[in-house]
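# Chain and residue survey
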Amino acid sequence: MLMVDSKASAEGLHTKLNDLVKLQRCLPSQPYSIVLRLKLAKTYKNLGYPDLAIGDAYKALLLVDEIADEGEYYDEALEAVEYNFALAEAGTLSSFEHGTEIAPKNTNNASGEEEERVVTWAKTHCSKIAHDLLIGCLIDCGCFRSAADYNQRALQAFPKADAFEVYKEAITQKLRLYFNSRKEDFDAADMSDYPDKGFVRRELYSWNDHEPDRFSTESIQFLNDEMTKVAPKLEVTVTNLPILSPHKTITGETPVQAAEQHYVKQLGIFAKEDIPPGSIILQEKSMLTAVSRLHEFFCNACSARLPISGVAEADIVTCEDCHDVFFCSADCHDLAQENYHQILCGIDLAHKVSPSEVVDTLYSFLLVRALALSEVRDVHPLDLKEVHYIWGDYHNINVEKAWKANPDGHALDAFGGLPQTLSFSFQANILTPLRMLEKMDVNIFTKSQQYDTWVFNTLFGKFRGTASAQQGLDGLPEIGAVHPMWCLANHSCDPNVAWEWQGSIKFWTRTQEELVDWKGRDSQLEPGIRKGEELLSHYCDVRLPVKERREWAFGALGGNCMCSRCVWEAAEEGHRSHLK
Ligand SMILES: C[S@@+](CC[C@H](N)C(=O)[O-])C[C@H]1O[C@@H](n2cnc3c(N)ncnc32)[C@H](O)[C@@H]1O
C-alpha cells in the first residue's frame, strides 16, 4: 500500500495555495494574459479543483479567440501575449509562472512579422495547453459531452498531439461504462445523449474572505433588523442542530441512538412572544427569483403567477422599454427597475430547456439574477444582503488534514480525496453565467475576480440548500426563489407552521386541524408557538410515510431527518419488520 506522509502533504498543499493566491493577485494587472489564465487553471487542477480550472482554461481559449479573430479585446490580449512570448523566447517564462512578476506596459509596438509570430504562438502553443487542461478537467468533472466536443476540435487543430488521442480513448471508455450501466448502446448514441454533469467540492474556499461570521453579534443584529421588517414577532438565534447521518439508513434506529447524536451550531428562527394558532407571522418578498419556462405568465420580480387573484389584468405592468417582462404590481415594477432589470432589459434569457435540464436552468437563472443585482448595486455578489448570510452547506472537513497526495506532492485523485457534493456542469457553472455577463456588457476579464468560477460555485452552494421551487403542471419545477429570512427556518416533519408562496412567501402558525396527526405525538402539545420556541417549517411533504419523507428531505437537510416524529416512526417500522 502506498504510504502518504500527511505532514508533507499538508505542507505541499500550503505551498500550492500560496502560489494560487499570488496568481489570483496578478489578475487585476493582467486580466488579458493567456499565460496567467493557464497558470491559474493548472494550479487549481493541482489543488483538486478541476471545476475552477475549467473556468480559467476556458477564459484562456476565449482570449486566444480574441487574438485569432481580432475581437473586441484584441489589442489588450495581444499586448499581454507579446510580453509572455518575449519571456518564453528568453527562457524566463518560469519566473512569471510563479506569479511574482508583473507585466510592464509594452510601449514598443511589435512589427507586423513579430506580431504574426506572437499570434501563431497563442493559436498553437497556448491553445494546445488550454485545450489539454480544459478537456482533462471536464472529464474529471463528469462533463463528457463538453469534453468530447472540445476534444474533437483539438484533434482537428492538433492532429499530431498524442494527448487528445489519449483523451478520446478515456472519454470512450467512460461513456461505454455509462451506457452499459443503463443497458443502452454507446455506439448508437448521439453526442447530445452524452452525460454532461457531475459533482465537485462544495467548499468554503480558503481564499474566500467574503463569508461572514454568521454567529457574531453584528451578523445576528443585521439579520434581526431584516427579520423585524417581515416578521416582527420572530427573531434569529444561534441554535444547535443534530449532525445528520449521510447514510440512507431509513428505518430501525431507536430514540436512544437518536440521543447519541452530535450537534452543530447553526441558525434558526424563534418566537419573541406567544403566538396563537392561525396567525400570519412572516410575509417576505424577494427579488432573487427565477422562472425557467413560460416567463410571460409570472411576475418577473416576485414570480407570482399572472394574472393572480385580486389583480385585474389591466393592473399588470410591463417594462416600458423592452415590453418583454411583466410585473404583478407597480411596486414589483419599481423594485425590479431599481435593483436588477435595468441591466437585463432587452436580454432574452429564455431558451428551450429539456426536462432533464429544468432544475439546473432554474439555479442558473437564480445565479444570473444575483449577478444582475450585484452589477446594478455595485457590490460583490457574495456581499449581496440576500445571499451574504446564507450558509452554503459546505463540508466541514479540514482540507489540510483530509488532503491526500502522493509522495511527489500530486493529489491522489482529481479532487484531492475530498467529497464532491455540489452539482457542476460546464453549461450551468461556466457558460451561462459568463455569456449572460457578456450580454449585460460586463467585461468578464477585468471583472473576473468578482465573477470567478469559485464565486459562482459558492452562490450555487448557497442556493442549492435554500431555494424553494414551485412545480408546473407537468411536475417539473417552473419557478425558484431564495427568500433570505424564510430560508433560516429549520425543518421538522411535525411542523408548527404552514406556508404558502404566491409572489410573497407567507407563514402562519398551524391550527389544531392543520397539525400533523401522528401516533407518537405528545397529546399535551398545543398548537401555536410559545415565546422562546423554535419555528419549524417543512422541507418535504409531511403527509408521506417516514421512508419517503426522509428520501425527499435528504438533499435539503444533508442527511436523514432525525426529528422526533421520524425517529419515533422509524423505530416503530423497525419494530414491526422485526416481528414479521
Ligand atoms: C434552509 S437552511 C436552514 C437554516 C440553517 N440552519 C442556517 O443556519 O442557516 C437548511 C439547513 O439547516 C439544517 N437543518 C434544517 N433543519 C434541520 C433539522 N431538523 N435537523 C438538522 N439540520 C437541520 C441543515 O444543515 C440544512 O442543510
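I will try to describe carefully the structure that is included in this document. Residue positions are given per chain, counted from 1 along the sequence in the order it is written. Per-residue local features of the predicted model are confined to residues with pLDDT of at least 70, and side-chain atom pairs are confined, for both listing and counting, to 80 or more; whole-chain, interface and lining totals are unaffected and use all residues. Just so you know, side-chain values use all the structure's heavy atoms and leave hydrogens and water out.

A separate point is the site of the ligand. To be near a molecule or strand, a residue needs just one of its heavy atoms within 4 Å of it. Every one of the 17 residues lining the ligand counts as a neighbour, but R214, Q266, L267, N490 and H491 are closest to it. Under this definition, polar contacts are N or O atom pairs within 3.5 Å; protein pairs additionally need one hydrogen-donor-capable and one acceptor-capable atom, and for neighbouring residues in sequence, both atoms have to be side-chain atoms. Between Q266 and the ligand, the recorded distance is 2.5 Å, taken from a side-chain N or O atom to a nitrogen atom. Within the backbone of L267, an N or O atom sits 2.8 Å from an oxygen atom of the ligand. To measure how exposed things are, a 1.4 Å probe is used in the Shrake-Rupley method; for residues, cover is taken only from the protein chains shown. Calculation on the ligand without its partners gives an accessible area of 560 Å², and the protein chains cover 92% of this total. The set of elements that each furnish at least two residues to the shell around the ligand consists of β2 (234–242), β3 (263–271), α15 (453–466), β11 (490–491) and α16 (546–557). Strands here mean DSSP runs of E at least two residues long; helices mean DSSP runs of H or I at least four residues long; both are numbered from the N terminus.

On to the sheet that holds strand β4 (residues 280–284), then. Each strand in a sheet pairs with another by means of backbone hydrogen bonds, the pair being arranged parallel or else antiparallel. With antiparallel pairing, the three strands of this open sheet are ordered in space as β4-β13-β12. In this open sheet, the two edge strands, each paired with only one partner strand, are β4 and β12 (497–502). Along the sheet, successive strands turn relative to each other by an average axial angle of 15°, direction set aside. Of the pairings in the sheet, the one linking β12 to strand β13 (residues 504–509) comprises six bridges and is antiparallel in character. In the sheet register, Q502 faces β13, and the bridge partner there is S504. Strands pair, by our definition, only if DSSP identifies at least two bridges between them. Between N-to-C directions, angles span 0 to 180 degrees; the directions come from axes that are lines fitted to C-alpha atoms, helices contributing only their stretch in contact.

Salt bridges are defined as contacts in which a side-chain nitrogen from Lys or Arg sits within 4 Å of a carboxyl oxygen from Asp or Glu. Applying the stated rule across the entire model yields 21 salt bridges. Two residues, E211 and K462, come together in a salt bridge whose shortest N-O distance is 3.4 Å. With E211 in the loop between β1 (197–200) and α9 (217–230) and K462 in helix α15, this pair connects stretches of sequence that are 251 residues apart. Each of the two residues, E211 as well as K462, counts as buried. For R549, the salt bridge goes to E569, with nearest N and O atoms at 3.0 Å. One end of the pair, R549, is in helix α16; the other, E569, is in helix α17 (residues 564–579), and 20 residues separate them in sequence. Considered together, R549 and E569 belong to a single accessibility category, that of buried residues. If you follow the salt bridges from partner to partner, you end up with K197, D360 and R464 in one network. Buried, partly exposed and exposed residues are distinguished by accessible area as a fraction of the type maximum, computed with a 1.4 Å probe on protein chains only: under 20%, between the cut-offs, and over 50%, respectively.

Given two aromatic rings, one states the distance between the centres and the angle between the planes to describe the pair. Geometry of aromatic contacts follows a simple scheme: Phe, Tyr and Trp rings, the Trp one being its six-membered ring, pair when their centres are within 6.5 Å, and the pair is stacked under 30 degrees between planes, edge-to-face over 60, tilted otherwise. Counted under the stated rule, the structure contains 23 aromatic pairs. Taking 5.0 Å as the distance between ring centres and 20° as the angle between the ring planes, the aromatic pair formed by Y205 and W207 counts as stacked. Accessibility classification places Y205 together with W207 in one group, the buried group. Seen in terms of ring centroids, W207 and W454 are 6.2 Å apart; in terms of plane orientation they differ by 90°. Their pairing is edge-to-face. Linking W207 in the loop between β1 and α9 with W454 in helix α15, this pair joins segments that are 247 residues apart in sequence. You can call W207 buried: its relative accessible area is 11%. A residue is classified by how much of its surface remains accessible, and W454, at 8% relative accessible area, is buried.

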